[in-house]
Amino acid sequence: MSARPPSAGEPIVPLSDERSALDILTKTVFGLWDAVNDLTRLRPTKRDRYRVTIFGSARVDPNHWVYAAVRDTAAELTRLGCDIVTGGGPGLMQAANEGVKLADPEGTQQQSVGIRVELPFEQDVNAFVTQAFEHKTFFTRLHHFVLVSDAFIVTPGGIGTVLETLMVWQLLQVRHLHDTPLILAGHFWDGLIDWARAAMLKPDTPLISPGDLNIPQILPDGPSIVRAVREHHARWKDKQG
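Predicted model only: the values in this text are computed from it and were never measured.

(A) Summary view of the overall build of the chain. When you go through the chain residue by residue, the secondary structure sums to 7 helices and 7 strands. In the chain, the succession of helices and strands from N to C terminus is α-β-α-β-α-β-β-α-β-α-β-α-β-α. With 241 residues in all, the chain has 40% of them scored as buried. Intrachain contacts of the chain at a sequence separation of at least 6 include 69% that bridge at least 24 residues.

Right, here's the structure in full:
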């Protein structure tokens, strides 16, 4: 099978012309990104599944009280009719996926989703995930979370959890996401908000607007989180008709 000839007026670029070859590669990559961005604009007219993404640490032991709190909160959200989405790994991600199993043992009602990224040092998808997706990079994985989620809950976590939190916060700030709750669970995250208020809202050089600090909701416990999601879920159902 012969290679496609260049279109009329397009000069052939030999690989020895490194600058021109790099220009073609760059333009092609940007063209692929444009195509992906256009495809992600497509949405179903109606959706029958409300998805809550729960972010959190991979390092929390199942015997820790936070693990049980996340598991039980995810179970309550499952009973409410929510699918649960996590990073698919161990720790608090596993706790959230386990909560789905706790509330729906047969797996007939709600989905327990894991969106993974390839890492050289972390375990496989946890045993409670019923639908798994694998990504090569954090960038595409984060985009996937944004595309499928109707609400975000952030439990205690490390650098990866901070990355996920700030990305969602920023997308809500610039209105690339609309009417999507960003809930910070417990008082673990108080220091992040305090730092943002002190460092980014200095009177002489404000770097954000005061309203930006109201985007994340800090809720103290599982029952308050479930109430907030229940209210948003009810509005979501009304919009679905």
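Back to the write-up after that little detour.
(B) Summary view of the packing of aromatic side chains. For the structure on display, the rule yields 4 aromatic pairs. With a centroid separation of 5.3 Å and 75° between ring planes, the pair formed by Tyr50 and Trp236 is classed as edge-to-face. Placement of the pair is Tyr50 in strand 1 (residues 50-55) and Trp236 in helix 7 (residues 222-240), with a sequence separation of 186 residues. We note that Tyr50, like Trp236, is buried.

(C) Region of the structure containing the environment of Ala74. As for its position among the elements, Ala74 is in helix 2 (residues 65-80). The exposure class assigned to Ala74 is buried, which follows from its relative accessible area of 0%. Among all residues touching Ala74, those that are not within four sequence positions of it are Ile54, Ile84, Ala96 and Gly99.

(D) Highlighting the pattern of salt bridges. Under the defined criterion, the tally for this structure stands at 9 salt bridges. Across the salt bridge formed by Asp72 and Arg71, the nearest N and O atoms sit 3.0 Å from each other. For Arg71, a relative accessible area of 22% gives the class partly exposed. Between Arg141 and Glu164 there is a salt bridge, with its nearest N and O atoms 3.7 Å apart. Residue Arg141 is located in helix 4 (residues 138-148), and its partner Glu164 is located in helix 5 (residues 159-173); the two are separated by 23 residues in the primary sequence. Each member of the pair Arg141 and Glu164 is classed as buried.

(E) A look at the sheet that holds strand 6 (residues 182-185). Sheet architecture is open: 7 strands sit in the order 4-3-2-1-5-6-7, paired in parallel fashion. In the strand order of this sheet, the two ends are held by strand 4 (131-135) and strand 7 (216-219), each with one partner. Geometrically, the sheet is characterised by an average inter-axis angle of 25° between neighbouring strands, direction not taken into account. The pairing of strand 1 with strand 5 (residues 151-154) spans 4 bridges and is parallel. Within the sheet, the bridge partner assigned to Val52 lies in strand 5 and is Ala151.

(F) Quick peek at the pairing of strand 7. Note: strand 6 against strand 7, 4 bridges, orientation parallel. Across the sheet, residue Leu184 finds its bridge partner in strand 7, namely Ile218. Regarding the hand of the β-α-β motif, the stretch spanning strand 6, helix 6 (residues 190-200) and strand 7 is right-handed.

(G) Region of the structure containing unusual backbone geometry. A positive phi angle, close to 65°, is found at Arg175, a residue other than glycine. With respect to the helices and strands, the residue Arg175 is situated in the loop between helix 5 and strand 6. For Asp179, which is not glycine, the phi torsion reads 45° and is therefore positive. In this fold, Asp179 is placed in the loop between helix 5 and strand 6.

(H) Focus on the packing of helix 2 against helix 7. Two elements in contact, helix 2 and helix 7, have axes whose closest approach is 10 Å; the angle formed by their N-to-C orientations is 25°. The angle between helix 2 and helix 7 falls in the class roughly parallel. Of the two possible hands of crossing, helix 2 and helix 7 adopt the one that is right-handed. Judged by residue contacts, Thr73, Glu76, Leu77 and Leu80 of helix 2 engage Gly222, Ile225, Val226, Val229, Arg230 and His233 from helix 7. The residue makeup of the contact of helix 2 with helix 7, split by class, is 5 nonpolar, 3 polar and 2 charged.

What counts and how
- Residues numbered from 1 in each chain as written.
- Predicted model: local features only at pLDDT ≥ 70, side-chain atom pairs only at ≥ 80, totals over all residues.
- Heavy atoms only, no water.
- Helix = DSSP H or I, 4+ residues; strand = E, 2+ residues; numbered from the N terminus.
- Buried < 20%, exposed > 50% of the residue type's maximum accessible area, 1.4 Å probe, protein only.
- Contact = heavy atoms within 4.5 Å.
- Phe/Tyr/Trp six-rings, centres within 6.5 Å; stacked < 30°, edge-to-face > 60°.
- Salt bridge = Lys/Arg side-chain N within 4 Å of Asp/Glu carboxyl O.
- Pairing = 2+ DSSP bridges.
- Axes fitted to C-alpha atoms, helices over the stretch in contact; angles between N-to-C directions.
- Right-handed = clockwise from strand over helix to strand, strands pointing away.
- Parallel < 35°, antiparallel > 145°, perpendicular 65-115°, else oblique.
- Left-handed = near helix turned anticlockwise from the far one by under 90°.
- Nonpolar A, V, L, I, M, F, W, Y, C, P; charged D, E, K, R; others polar.

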